[in-house]
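Results of the structural survey
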Amino acid sequence: MTERTIAVNYLARVEGEGALRVRIHDRTVEEVELKIFEPPRFFEAFLRGRSYREAPDITARICGICPVAYQMSSCNAMEQALGISVTGAVRELRRLLYCGEWIESHALHIYLLHAPDFLGYPDAIALAKDHPEAVKQGLALKKVGNALMTLLGGREIHPVNVRIGGFYRCPSREELEAIRPDLVHALELAETTARFVAGLTFPKIEEDYEFVSLRHPDEYPLADGEIVSNRGLRIPPSKYDETFEEIHAPYSNALQSVRKGGGSYLTGPMARYALNRDRLSARARKIAEEVGLEPIVTNPYRSIIVRAVETVFACEEALRIIDAYRPPAAPFVPPPDRLGPATGYGVSEAPRGILYHRYRLDAQGLIQDAKIVAPTSQNQKRIEDDLRSLVTRSLDLDEAALTNMCERAIRNYDPCISCATHFLDLDLVRD
Amino acid sequence: MPAAHKPRLAVFKFASCDGCQLSVLDCEDELLAVAGAVDIADFREASSTVLDGPYDLTLVEGSVTTPEDLHRIQEIRAQSRALVTIGACATAGGIQALRNFADVEEFRKAVYAHPEYIKTLATSTPIRDHVTVDFELRGCPINKFQLLEVITAFLARRAPNIPTESVCIECKRRGNVCVVVAHGTPCLGPVTQAGCGAICPSFHRGCYGCFGPQDTPNTDSMTKNLARLGMAPAEVQRVFRTFNSMAPAFRAAGIAAVKEGEKA
C-alpha cells in the first residue's frame, strides 16, 4: 500500500495566495484540495452601513487585476435597486472601459503568467532573454489596455471615474480619437498573439464542462446580460441565488460554488467563447478560424488561445465604440429623488469569468446586506475536478513532473485569489 | 562569485488586492530595464523562481491580519536590508481595517458558513506597527512612477523624492478648476497627500483620500467644510474611514466627526 502527497505550498504566477494538496492512496486520488489561504478581508461584512454610492470604489479594492469588473457588477446591482437604467453612449463607454481591462488582464496572463509554462521558463523576464520580441509585444499590448483604462478612468488600477448611473465625466470625441492609433496597433499585436499562442504545444486533454457565461441578444458579453449555460440554463441575474450555491470547505478561505442539485461548472473565456462565438467581432472570428481554434474548446490548456481571440475582440470592439461615439447629453443617469428599501442584482464578465453582486438597501440607500461571488470561487470546484482527472491519468509521473503539471493546470484558469479571497501551495500526499 | 553582485529585490504580499505589486508589472516600458538592474529573488505573482534572502530591497504590500503574518513579517524584516511598504494596506491597514471599528467575530459569521475554519486577527494593522519600515509609499493604489522613483533611490542609496504636500498643489499645477469652489463638491484634496496627479478633480469629482493624510492636514477645518457642504456627521466619518482609516490623522478625524455632530 502506498501513500503519496503532492504539495505546492505557494503557487506562483497567480494573483493572490493559494496552495494545493493532493492525496493519492493505492493509485486512487482520494483528495484534491485547492487551498485558498489569502487572508479574509470581510468585504461583505463592512459594506453594511455604507452608502450605495460607495460600492463601486470599495468593491474595486477586492481585486487590483480586475477592478472594473467590480465597479460594473456593483453598478448593475445598485442601478437595478434604484430603478434606473443606463443606455446609449454611457453604456457604450462602460463597455469601452471594460475592453481596456480585458486587454490588460488577458495580455498579463498570456505573456507574463501563462506563456512561460508552455516554453519552460520560470517567468517572463527569463522568457524575454530568449524571446525578447514576444515579451515586448505582450507588454506593448498590455500597455494599450492600461492606457485605455487611464483615459476613461484616470488610472489603470482602481479607476476613479465610475459612479452609479454612469461616469463623473465623459470624454470628448477628440480625447477618444487620440488613442485610436494605439488600438489599431494593439489589434495587430493581438492577432500576432493569437498566432503565437496557437503554435504552442498542448497536452492532449478533453474535459466535460458545464460552461456558464453571460449572453446578450447581439453583443459578445461584457458588462451585462442573462446567465446561460450549455446545459439549458437561461436566467436573469436575479435568479442567481436560486440556481447556484456556495459551500464552505474546511481548508479554504474562499467559498466554492456549485449548481444547486448539480456539480461544478466553468466560467471565463472558454465558457464565453463556447456560448457566444456567434457574437464575436469579424476579425476575432476570422483569427479563431485562421489559427484552427475549435468552436467549443474543452482542453483547458488551450484557454490561452481563447484569451488571445478575446483580446482581438476587445481591441476591435474598442475601435467600434470610439468610431461611433457621440458624447452623451449627461455623463450619468441621476438616482431617483426618493429611495425605497430595495434589492438589486448585478453580473458582469470579469476577464476570468462572471462576477455576481447582490445588495439590499434601506430607504436611506445604506447597504443592509451584500453578497459577492467572484469568478475564481465559482471555478474553484471545477479546478479541483480537473486536477483529480489529470492526476488520475498521470500517476506514473514523478513528484516534480506531477507537481509542475498541477500548477500548470491551475494557471489555465487565470485564478485570481485576491478575488476568491485569494492563491496556491501544492501539497501532494501519496498514501 | 563576481565582486559586484546585482541588488536583490523581493516583493511580498500580506492582506491586499494585489494592485500595488501589479503596479510593478504595469511599468511596461521600464519592466525589462528594472529586471536587468536587479536580481528578482522572490516575487511570487510574477515568477516561479524563489531565492533565499537576504534581500537588498524588499517591497511589502498588504496589512497584517493573521497570526501567521505576525511571524512572517518579522522573518522578512530580518532578511531585508531596506524594507519599503507599498500602498494603503501596508501603510494604513487598508479597507480591511474597517474591522478595527467593528466586531470581527460578527464579521466572520456574516461572511462564512463555517466561521471556525477562518483564522484571522481582530485587527488589520500597517506593517510599521510590527517592524521598522525604511520608507512608506502611499496610495490605493500606489502611483507606478513614484514606485520607480523609490526603487531607483534605494538602489542608488539616496532618499526618494516623494512630495508630502496636498493634492491641492497638484490640482493647481494641473490647471483644474477647484470642484469645491466652483461646484460645491465635497473634496478631501486639502488634507490628502499628493501623488495621484489630482485625478479625481480632473474627472469633476472630489478627492476621496486614497493617498492618506498629507504632512500637515487640518482635518478639523475639513470636517467643518464637509458639514457646510451638506454632509451628515456619519457621512463625514465614512469619508475618513475608507482606505486609510488607520492613518493617525484620518483615524482621529473619523472619531471627531461624530463627536462634533453630537455637539451640534
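Note that the structure is a prediction, hence the values are computed from the model and not measured. (Residues numbered from 1 in each chain as written. Chains lettered and ligands numbered in written order. Predicted model: local features only at pLDDT ≥ 70, side-chain atom pairs only at ≥ 80, totals over all residues.)

**Focus on the overall build of chain B**
For chain B, the helix and strand inventory stands at twelve helices and five strands. For 264 residues, the compact-globule estimate of 2.2 N^0.38 gives 18 Å, and the C-alpha radius of gyration of chain B, at 20 Å, lies within 12% of that figure. Considered along the principal axes of its C-alpha atoms, chain B spans approximately 70 × 50 × 30 Å. Taken across its 264 residues, chain B has 53% of its residues classed as buried. Within chain B, contacts between residues separated by at least 24 positions form 72% of all contacts whose residues are at least 6 apart in sequence. (Helix = DSSP H or I, 4+ residues; strand = E, 2+ residues; numbered from the N terminus. Rg over C-alpha atoms; globule rule 2.2 N^0.38 Å. Buried ≥ 20, exposed ≤ 12 C-beta atoms within 10 Å, placed from the backbone. Contact = placed C-beta atoms within 7 Å.)

**Some thoughts on the overall build of chain A**
Scanning chain A for helices and strands turns up 15 helices and 14 strands. Counting only C-alpha atoms, chain A reaches 70 × 45 × 35 Å along its principal axes. In chain A, which comprises 431 residues, the proportion classed as buried is 60%.

**Observations concerning the pairing of strand β7 (residues 226–229) of chain A**
All names here are of chain A. Only one face of β7 is buried: it carries I227 and S229, and the other face, with E226 and V228, is open. As defined by bridge partners, strand β6 (residues 212–215) adjoins β7 across four bridges and the pair is classed as antiparallel. Paired with R215 across the strands is E226, a residue of β7. Pairing between β7 and strand β8 (residues 234–235): two bridges, direction antiparallel. What sits directly across from I227, in β8, is I235. With antiparallel pairing between neighbouring strands as the criterion, β7 and β8 make up a hairpin whose turn holds four residues, including G232 at a positive phi of roughly 85°. (Pairing = 2+ DSSP bridges.)

**Here's the deal with the sheet that holds strand β4 (residues 80–86) of chain B**
Residue and element names in this part refer to chain B. A sheet is described by the order of its strands in space; here five strands give the open sequence β2-β1-β3-β4-β5, paired in parallel fashion. What marks the edges here is a single partner per strand, and that holds for β2 (39–43) and β5 (135–137). When strand polarity is set aside, the average angle formed by the axes of neighbouring strands in this sheet is 20°. (Axes fitted to C-alpha atoms, helices over the stretch in contact; angles between N-to-C directions.)

**Focus on the sheet that holds β8 of chain A**
Residue and element names in this part refer to chain A. Ordered in space as β6-β7-β8, the three strands form an open sheet in which the pairing is antiparallel. The open sheet has two free edges, formed respectively by β6 and β8, since each of these has just one partner strand. Packing against the sheet, helix α10 (residues 269–276) makes contact with β6 and β7, and its axis sits at approximately 50° to β6.

**Some points on the nonpolar core**
Counting 187 residues, the largest nonpolar core has I103, L148, V309, V312 and C315 of chain A as its most contacted members. Per element, the largest residue contribution to this core is 14 residues, and it comes from helix α4 (residues 88–119) of chain A. Counting the residues that make up this core, at least three belong to each of domain 1 (8–155) and domain 2 (167–263) of chain B. Here V309 of chain A is in contact with A194, Y273, A284, I287, A288 and L293 of chain A, once residues within four sequence places are set aside. (Core = buried A, V, L, I, M, F, W, Y, C linked by C-beta atoms within 7 Å. Domains from an automatic or database assignment.)

**Things to note about the interface of chain A and chain B**
Each partner contributes residues to the interface: chain A has 44 residues there, and chain B has 48 residues. Among the elements that make up the side of chain A that touches chain B, the one with the highest residue count is helix α6 (residues 132–153) of chain A (four residues). For the side of chain A that touches chain B, the per-class residue count stands at 21 nonpolar, nine polar and 14 charged. (Nonpolar A, V, L, I, M, F, W, Y, C, P; charged D, E, K, R; others polar.)

**A look at unusual backbone geometry**
Residue and element names in this part refer to chain B. Cis rather than trans, the peptide bond between G53 and P54 has omega equal to 0°. Inspection of the secondary structure assignment puts P54 in the loop between β2 and β3 (55–61). With an omega of 5°, the peptide bond between C140 and P141 qualifies as cis. Mapped onto the elements, P141 comes out in the loop between β5 and α6 (144–155).

**Looking at the domain arrangement of chain B**
Quite often, the size of an interface is put as the accessible area lost when its parts meet. Residue and element names in this part refer to chain B. In terms of domain boundaries, chain B breaks down into domain 1 (8–155) and domain 2 (167–263). For domain 1 and domain 2, the distance between their C-alpha centroids amounts to 26 Å. Taken together, the contact pairs 17 residues of domain 1 with 13 residues of domain 2. For the side of domain 1 that touches domain 2, the element with the most residues is helix α4 (residues 88–92), which contributes three residues.

**Some words on the packing of helix α13 (residues 375–393) of chain A against helix α14 (residues 399–411) of chain A**
All names here are of chain A. In contact at an axis separation of 10 Å, α13 and α14 are set at 150° when each is read in the N-to-C sense. Judged by the inter-axis angle, α13 sits roughly antiparallel to α14. The handedness of the crossing between α13 and α14 comes out as right-handed. Contact residues: I383, D386, L387, L390 and V391 in α13; L402, M405, C406, A409 and I410 in α14. (Parallel < 35°, antiparallel > 145°, perpendicular 65-115°, else oblique. Left-handed = near helix turned anticlockwise from the far one by under 90°.)

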